[in-house]
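# Coordinates in review
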Amino acid sequence: MADAASPNIQPNLLALREQIDALDRELLELLNRRAGLALAVGDLKKKEGSVVFRPEREAQVIDGLKSANPGPLGTDSVAPIWREIMSACRALETPTRVAYLGPAGTFSEEAALGFFGSSIVRVLCASIDEVFAMTSAGAADFGVVPVENSNEGVVARSLDILLTTPLFIIGETSLFVRQNLLRKENTLDGIEVVCAHPQALAQCHGWLSNHLPHAERRPASSNAEGARQAALNPKMAAIASVRAGSEYGLHVVAPAIQDDPHNRTRFAIVTDPHRHPAPKASGHDCTSLIVSVTNRPGAVHDMLVPLKKHGVSMTRFESRPARSGQWEYYFYIDLQGHPDEPQVSTALKELRDACAFFKVLGTYPLDVH
């Protein structure tokens, strides 16, 4: 194939490539100037004792750039590009340690890299419990945990731990989940076992019933762990991401086998409130709560009255048994807005007065795509 120095290359193409090369050098110079400013900001933050990572600031930067984008660069491309730029600049100030469900190649890893960028110290954990434990102990600055899937509903273990953990939520991210059948051999023939996280097996129930009705469905701690096992057993297949397939040298035997093509998982970013302050209002915020009420007629209705009274929208309402043996429940609620906003502050105060149990899980910027 002819390269840029070939005499056969079209002069117009060569001229365009030279312009691109010149712009790339300009971009590199500008990025280094930005990195220098980031280092100066980092020095000031150290003197003030303030934190390096401010999710509301990064959300505002990305929102502003998306609004100002004239094209032809797609607006959807702005967030991932600038997250990587900010991640690289942040890493110059201090390494950001992020815990998530491993091994390498999980959707949790994809969510962590999408939120923080790739310039992080990766702390891979064997379970959701370990993500919370490592973050609580200070072995990680932040943890990334799945909290909800558009098909299977809430991730019960994450919600149960959020009830008692000292950690709080400072961000969220969500991603489309594309489940792929992975295997050492590039064929469906001879598959005896399909290994994956129980939620992935449930998300692909219809496809598995139609195409591999006799294969054992074996649960694993994560999809990537299933891929790791499939790499060791030629009779086993895994359900996991393309990233996991590349990590463990597996073929994508069947792509996108999830029953719902719009399958999406939401992740919460958690940290220790003693080491990281709550995000300030960004203009597009969510406040997450856990509450419970006394078991009496009309108690749930009374609990929701302050929200309607002050015009605060509720975007999520989930119930979980309190395990008290008294048929009591905890309610997990997401509200639009930030406690710094007067109507939200007033509604939360009245809501607290109406509840037997009240815990703010966190207030954070909504996911920036």
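Just above, that's the structure.
What comes next concerns the included structure. For every chain, the first residue of the written sequence is number 1, and numbering continues from 1 onward in sequence order. Selection of residues for local features in this predicted model requires a pLDDT of at least 70, selection of side-chain atom pairs for listing and counting requires 80 or more, and totals for whole chains, interfaces and linings are taken over all residues. Side-chain metrics rest on all non-hydrogen atoms present in the structure, leaving aside hydrogens and water.

Strands here are runs of E lasting at least two residues and helices are runs of H or I lasting at least four, both read from the DSSP assignment and numbered beginning at the N terminus. The secondary structure content of the chain amounts to twelve helices and 15 strands. In terms of overall dimensions, the chain has a C-alpha envelope of 85 × 60 × 35 Å along the principal axes. Working definition: with a 1.4 Å probe on protein chains only, accessible area under 20% of the residue-type maximum means buried, over 50% means exposed, and in between means partly exposed. A total of 369 residues make up the chain; the buried ones form 46% of that total. Any two residues having at least one pair of non-hydrogen atoms within 4.5 Å are treated as being in contact. For the chain, restricting intrachain contacts to residue pairs at least 6 apart in sequence, the fraction spanning at least 24 positions comes to 75%. Summing over all exposed atoms, the chain offers an accessible surface of approximately 18,500 Å²; the carbon and sulfur share of this is 55%. Positive: Lys, Arg. Negative: Asp, Glu. His and the chain ends are not part of the count. To locate a charge, the coordinates of NZ of Lys, CZ of Arg, CG of Asp or CD of Glu are taken. Of the side-chain charges in the chain, 36 are positive and 42 negative, and the distance between the mean point of each set is 3 Å. Residue-level accessible areas treat just the shown protein chains as cover; the underlying method is Shrake-Rupley with a 1.4 Å probe.

Once that is clear, we can look at the nonpolar core. Nonpolar core, defined: a set of buried Ala, Val, Leu, Ile, Met, Phe, Trp, Tyr and Cys residues in which side-chain atoms within 4.5 Å join the residues together. Formed by 25 residues in total, the largest nonpolar core has its most connected members in Phe132, Val145, Leu162, Ile169, Val270 and Tyr332. Looking at which element gives the most residues to this core, the answer is helix 6 (residues 156–164), with four residues. Beyond its immediate sequence surroundings of up to four residues, Tyr332 is in contact with Leu159, Asp160, Leu163, Leu289, Ile290, Arg316, Phe317, Glu318, Arg320 and Leu361.

On to the sheet that holds strand 10 (residues 251–254), then. Pairing between the strands of a sheet is mediated by backbone hydrogen bonds and can be parallel or antiparallel. Only when DSSP finds a minimum of two bridges between them are two strands counted as paired. Taken together, the five strands give an open sheet; going across it, the order is 8-7-9-6-10, and neighbouring strands pair in mixed fashion. Because the sheet does not close on itself, it has two edges, and the strands there are strand 8 (216–219) and strand 10. With direction set aside, neighbouring strand axes in the sheet form an average angle of 35°. Bridge count for strand 7 (residues 193–196) against strand 8 is four bridges, and the pairing is parallel. What counts as an axis is a line fitted to C-alpha atoms, over the stretch in contact for a helix, and the angles between N-to-C directions run from 0 to 180 degrees.

Here we take up helix 4 (residues 107–116). Within helix 4, eight of the ten residues are buried, which leaves it mostly tucked inside the rest of the structure. Listed in full, the buried residues belonging to helix 4 are Phe107, Ser108, Glu109, Ala111, Ala112, Leu113, Phe115 and Phe116. Of the residues trailing helix 4, Gly117 is marked for its positive phi of about 85°.

The strand order 13-14-12-15 describes an open sheet built from four strands, whose pairing is antiparallel. Edge positions in the sheet fall to strand 13 (314–321) and strand 15 (357–365), since each has one partner strand and no second. In this sheet, neighbouring strand axes are inclined to one another by 15° on average, regardless of whether the strands run parallel or antiparallel. Pairing of strand 12 (residues 285–292) with strand 15, which is carried by eight bridges, proceeds in the antiparallel orientation. The residue of strand 15 that forms the bridge with Val291 is Phe358. This element, helix 12 (residues 342–353), spans strand 12, strand 14 (329–336) and strand 15 of the sheet and lies at about 160° to strand 15.

Once that is clear, we can look at the side chain of Glu225. The residue Glu225 is located in helix 9 (residues 223–230) in this model. Here Glu225 is in contact with Pro103 and Ala220, once residues within four sequence places are set aside.

Attention now moves to the pattern of salt bridges. We define a salt bridge as a contact between a side-chain nitrogen of Lys or Arg and a carboxyl oxygen of Asp or Glu at a distance within 4 Å. Evaluated as defined, the whole model comprises 18 salt bridges. A salt bridge links Asp272 to Arg275, with the shortest nitrogen-to-oxygen separation between them at 3.1 Å. Assessed through its relative accessible area of 11%, Asp272 is described here as buried. Overlapping salt bridges, with partners in common, bring together Glu148, Glu172, Arg266, Arg316 and Asp334 in one network.

At a minimum axis separation of 9 Å, helix 1 (residues 11–48) and helix 3 (residues 75–93) run at an interaxial angle of 45°. Relative to helix 3, the element helix 1 is oriented oblique. Two packed elements cross with a definite hand, and for helix 1 against helix 3 that hand is right-handed. Only Ile85, Met86, Cys89, Leu92 and Glu93 of helix 3 make contact with helix 1, whose side of the interface consists of Leu31, Arg34, Ala35, Ala38, Leu39, Gly42, Lys45 and Lys46. Residue composition of the contact of helix 1 with helix 3, grouped by class: eight nonpolar, one polar and four charged. Any angle between 65 and 115 degrees counts as roughly perpendicular, while under 35 counts as roughly parallel, over 145 as roughly antiparallel, and the rest as oblique. Each crossing gets its handedness from the near helix: less than a right angle anticlockwise from the far helix is left-handed, clockwise is right-handed. Nonpolar residues are Ala, Val, Leu, Ile, Met, Phe, Trp, Tyr, Cys and Pro. Charged residues are Asp, Glu, Lys and Arg, and all others, Gly as well, are polar.

All right, on to the environment of Val312 then. Within the secondary structure, Val312 sits in the loop between helix 11 (299–309) and strand 13. In sequence terms Val312 and Ser87 are 225 residues apart; their C-alpha atoms lie 34 Å from each other. Non-local contacts of Val312, meaning those with residues more than four positions away in its chain, are made with Leu307, Leu335, Gln336, Gln343, Val344 and Ala347.

To continue, consider the packing of helix 3 against helix 4. Closest axis-to-axis distance for the helix 3/helix 4 pair is 7 Å, and the angle between their directions is 80°. Compared by their axis directions, helix 3 and helix 4 come out roughly perpendicular. Between helix 3 and helix 4, the contacting residues are Arg83, Glu84, Ser87 and Arg90 on the first element and Leu113, Gly114, Phe115 and Phe116 on the second. By residue class, the composition of the contact of helix 3 with helix 4 is three nonpolar, two polar and three charged.

So yeah, pure geometry; function would need other evidence.
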